Amino acid sequence: MRPTFHAVIFDLDGVLADSEPWWNQIDANLLAEYGVTYRGEYHRNVLGVSYHLAVEFYKNAFRISAPPEELMRRRGEMATEFFANRVGLFPSAKTTLEELRKMKLRLAMATSSVSASACPFLERTGIRSSFEVILTGDEVERGKPHPDIYLRAAEKLGIVVDACLVIEDALSGVAAAKAASMRVAAIPDMRFVDAREYEKQADYVLGSLSEIPALIRGFGATG
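Criteria and cut-off values
Residues numbered from 1 in each chain as written. Predicted model: local features only at pLDDT ≥ 70, side-chain atom pairs only at ≥ 80, totals over all residues. Heavy atoms only, no water. Helix = DSSP H or I, 4+ residues; strand = E, 2+ residues; numbered from the N terminus. Polar contact = N/O pair within 3.5 Å; in protein donor to acceptor, adjacent residues only side chain to side chain. Contact = heavy atoms within 4.5 Å. Pairing = 2+ DSSP bridges. Axes fitted to C-alpha atoms, helices over the stretch in contact; angles between N-to-C directions.

*Asks:* Where do I start with unusual backbone geometry in this structure?
*Replies:* Leaving glycine aside, a negative phi is the common case for residues, and trans is the common case for peptide bonds. Look at the link from Lys144 to Pro145: it is a cis peptide, with omega at 20 degrees. Positionally, Pro145 belongs in the loop between β3 (133-135) and α7 (148-157). For Lys104, which is not glycine, the phi dihedral falls at a positive 65 degrees.

*Asks:* Honestly, the side chain of Ser50 in this entry has me stumped. Any pointers?
*Replies:* The topology assignment puts Ser50 in the loop between α2 (43-46) and α3 (51-62). Polar contacts involving the side chain of Ser50 include one to the main-chain amide nitrogen of Leu53, which spans 3.2 Å. Beyond its immediate chain neighbours, meaning those up to four positions away, Ser50 contacts Ser112, Gly143 and Lys144.

*Asks:* Any chance you could explain the sheet that holds strand β2 (residues 106-110) here in plain terms?
*Replies:* Within a sheet, each strand pairs with its neighbour through backbone hydrogen bonds, oriented either parallel or antiparallel. Taken together, six strands build an open sheet; the order of strands is β3-β2-β1-β4-β5-β6 and the sheet is parallel. Of all the strands in the sheet, the pair left with one neighbour each is β3 and β6 (204-205). Across four bridges, strand β1 (residues 7-10) lies against β2 in parallel orientation. Paired with Phe10 across the two strands is Met109, which belongs to β2. Lying over the sheet, α7 contacts β1, β2, β3 and β4 (164-168), oriented at roughly 155 degrees with respect to β3.

Next comes the structure, spelled out in structure tokens:
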């Protein structure tokens, strides 16, 4: 059966926000405080996962004795500064959001980033008003790859899960969307990952945000 999409739920990092290159710097700065020299060698291991899973990974990889709560707090503080002042949108982000809204689709955001970093970014870039629902990583107990944040987004939109299309860049996010029984279009950032790894995981693999409206029109299905 051909899907009928009434809502599009976006991840933020690496999908709308060109933030992935900055996360290496954020994490390098974080780990330097604990005597670790980090050059981004584990970027793929923490791509798209919750802050909790990311800091647990670093704790184990570098044998850091500090409690995860302390690492999460410092990572959040650093991310807030980067998102407030440095991270930019991908070039086609605004036009794609505008086009989807003209198609009468309901839009939501479900990001692993915490509210303190995500919300200032959305305000600064002028895209916050595009979304009816915004959920951040500190609003769910279990982060991606668990489905909780996507299930809650659909619930808040009042849209059944099989009428939602998720847009993700990370395999952990793809897994979260699939665990929520949603269809997912992946936009792999080929600076960091191999797009071929996504072909068996995602329903659709796209090259950029600008391809989303045509994908949905191809099903003849909007809100």
